[in-house]
Amino acid sequence: MAQAIRKAVFPVAGLGTRFLPATKAMPKEMLPVVDRPLIQYAVEEARAAGIEEFVFVTGRAKSAIEDHFDHSFELERSLTESGKLEAVKELRAWMPAPGQISYTRQQMPLGLGHAVWCARNHIGDEPFAVLLADDLILAGPGCLEQMINAYQEVGGNVVAVEDVPRENTLQYGILDVVTDDGYLARARGLVEKPKPEDAPSTLSIIGRYILQPNIFDELAMQQKGKGNEIQLTDAMARTIPKTPFHGFRFDGTRFDCGNRFGYLEANIAFSMVREDMKDRVTQIISKYSE
Ligand code: G1P
């Protein structure tokens, strides 16, 4: 049986330039979908998958994320004094235990591969997960839990994938597939953001990864790729001769919340699955569809 996945890395240092001006003074990971920030969904998904240690790779102007996962004494006190005990209980319910979260900074914006490499001392020599909070996934069980189950079968590196229209390959890491049973696709290579005409397939990497620790040896080479950045995709591709690589087609819907339409759609989808909101949201949508 493959070694258990206990730790997850959350790269949250990105500037969120696709969402300006909303993200000028606020981290993009703090954008709310319905009533909780994107990063909270990612942390809850990880926790539901059995993750025990959460490593955040942050950057400047990201302190709101740290505050979000800490007690707010003033808030809890004033809620308690006004008798809103249920609200206090809810706030505490998803709070990580002391010492479960650690933070390290990516001092320079050198790419996703570099961000993951910044977490190496927190991960050590064990397999781990990476979750990109702006890929929000509506699924039950959660995407990472599904991936860990698949990983128990195949080991190695496993990433979440979905088919995208060929004209969109420029936005994703793309798999060069050798075998595909419709659920797990084994790859012999990967290309970061190829032009549609150069893409080896349309199977794209979504922001969920299970990685073996040998990825850090590749990332340590600091080799630059697409956009002059240190790409996680390139480092994963270089491990393929030694480490099996599979794309996993998860059961669920993914929303690209780094994009205005994806974000808007996520708000609709996540409110429509809430019994207390569904009817009202349906009415609102039909009001604007007339
Ligand atoms: C990153 C990765 C890319 C992956 C994508 C998933 O790109 O570099 O391989 O497909 O995340 O969201 P980014 O969206 O950060 O440009």
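Residues numbered from 1 in each chain as written. Predicted model: local features only at pLDDT ≥ 70, side-chain atom pairs only at ≥ 80, totals over all residues. Heavy atoms only, no water.

Caption draft 1: View of the overall build of the protein chain. Each helix and strand in the protein chain was counted, giving 11 helices and 13 strands. For the protein chain, the C-alpha radius of gyration of 19 Å lies close to 19 Å, the compact-globule estimate for 290 residues. Principal-axis analysis of the C-alpha atoms places the extent of the protein chain at approximately 60 × 50 × 40 Å. For the protein chain, buried positions account for 48% of its 290 residues. Within the protein chain, contacts between residues separated by at least 24 positions form 75% of all contacts whose residues are at least 6 apart in sequence. For the protein chain, the exposed area adds up to about 14,500 Å²; of that, 52% sits on carbon and sulfur atoms. For the protein chain, the distance from the average position of its 32 positive side-chain charges to the average position of its 40 negative side-chain charges is 5 Å. (Helix = DSSP H or I, 4+ residues; strand = E, 2+ residues; numbered from the N terminus. Rg over C-alpha atoms; globule rule 2.2 N^0.38 Å. Buried < 20%, exposed > 50% of the residue type's maximum accessible area, 1.4 Å probe, protein only. Contact = heavy atoms within 4.5 Å. Areas by Shrake-Rupley, 256 points an atom, 1.4 Å probe, with all protein chains shown as cover. Lys, Arg positive; Asp, Glu negative; His and termini not counted. Charge placed at Lys NZ, Arg CZ, Asp CG, Glu CD.)

Caption draft 2: Structural detail: the site of the ligand. Close to the ligand lie L112, L132, D135, Y172, G173, E192, K193, I205, G207, Y209, Q231 and T233. Taking G173, its main chain carries an N or O atom lying 3.0 Å from an oxygen atom of the ligand. For the ligand, an oxygen atom lies 3.1 Å from a polar atom in the side chain of T233. Computed on the free molecule, the ligand has an accessible area of 380 Å², of which 77% lies beneath the protein chains in the complex. In terms of residue count, the dominant contributor to the shell around the ligand is strand β11 (residues 203–211) (3 residues). Taken together, the residues of the shell around the ligand sort by class into 5 nonpolar, 4 polar and 3 charged. (Near = heavy atom within 4 Å. Polar contact = N/O pair within 3.5 Å; in protein donor to acceptor, adjacent residues only side chain to side chain. Nonpolar A, V, L, I, M, F, W, Y, C, P; charged D, E, K, R; others polar.)

Caption draft 3: Examining the pattern of salt bridges more closely. In this structure the tally under the stated criterion is 24 salt bridges. Measuring nitrogen to oxygen at the nearest pair gives 2.9 Å for the salt bridge that ties E218 to R238. Taken as a pair, E218 in helix α8 (residues 215–220) and R238 in helix α9 (residues 232–239) lie far apart in primary sequence, 20 residues in all. Among the residues examined, E218 registers a relative accessible area of 8% and is labelled buried. Judged by relative accessible area, which is 25%, R238 ranks as partly exposed. Via salt bridges that share partners, R6, K7, E52, E53 and E126 belong to a single interconnected network. (Salt bridge = Lys/Arg side-chain N within 4 Å of Asp/Glu carboxyl O.)

Caption draft 4: Spatial organisation of the environment of G155. Positionally, G155 belongs in the loop between α7 (143–154) and β8 (157–163). Its relative accessible area of 13% is what places G155 among the buried residues. Sequence separation between G155 and K224 is 69 residues; the distance between their C-alpha atoms is 27 Å.

Caption draft 5: Spatial organisation of a nonpolar patch on the surface. The grouping of L264, I268 and I285 at the surface amounts to a nonpolar patch, some 240 Å² of accessible area in total. Counting through the fold element by element, I285 comes out in helix α11 (residues 278–289). (Patch = residues over 30% accessible without salt bridge, like charges linked within 9 Å, V, L, I, M, F, W, Y side chains within 5 Å.)

Caption draft 6: Expanded view of the nonpolar core. Residues F10, V33, I39, F56 and L144 are the most contacted members of the largest nonpolar core, which totals 50 residues. Beyond its immediate chain neighbours, meaning those up to four positions away, L144 contacts E45, A46, A49, I51, A129, L131 and I210. In this structure, V57, V116, L190 and L219 belong to the second largest nonpolar core, which totals 31 residues. (Core = buried A, V, L, I, M, F, W, Y, C linked by side-chain atoms within 4.5 Å.)

Caption draft 7: Up close: the packing of helix α10 (residues 260–272) against α11. Two elements in contact, α10 and α11, have axes separated by 8 Å at closest approach and are oriented at 140 degrees. Judged by the inter-axis angle, α10 sits oblique to α11. For the pair α10 and α11, the contacting residues are I268, S271 and M272 in the first and K278, V281, T282 and I285 in the second. Looking at the contact of α10 with α11 residue by residue, the class counts come to 4 nonpolar, 2 polar and 1 charged. (Axes fitted to C-alpha atoms, helices over the stretch in contact; angles between N-to-C directions. Parallel < 35°, antiparallel > 145°, perpendicular 65-115°, else oblique.)

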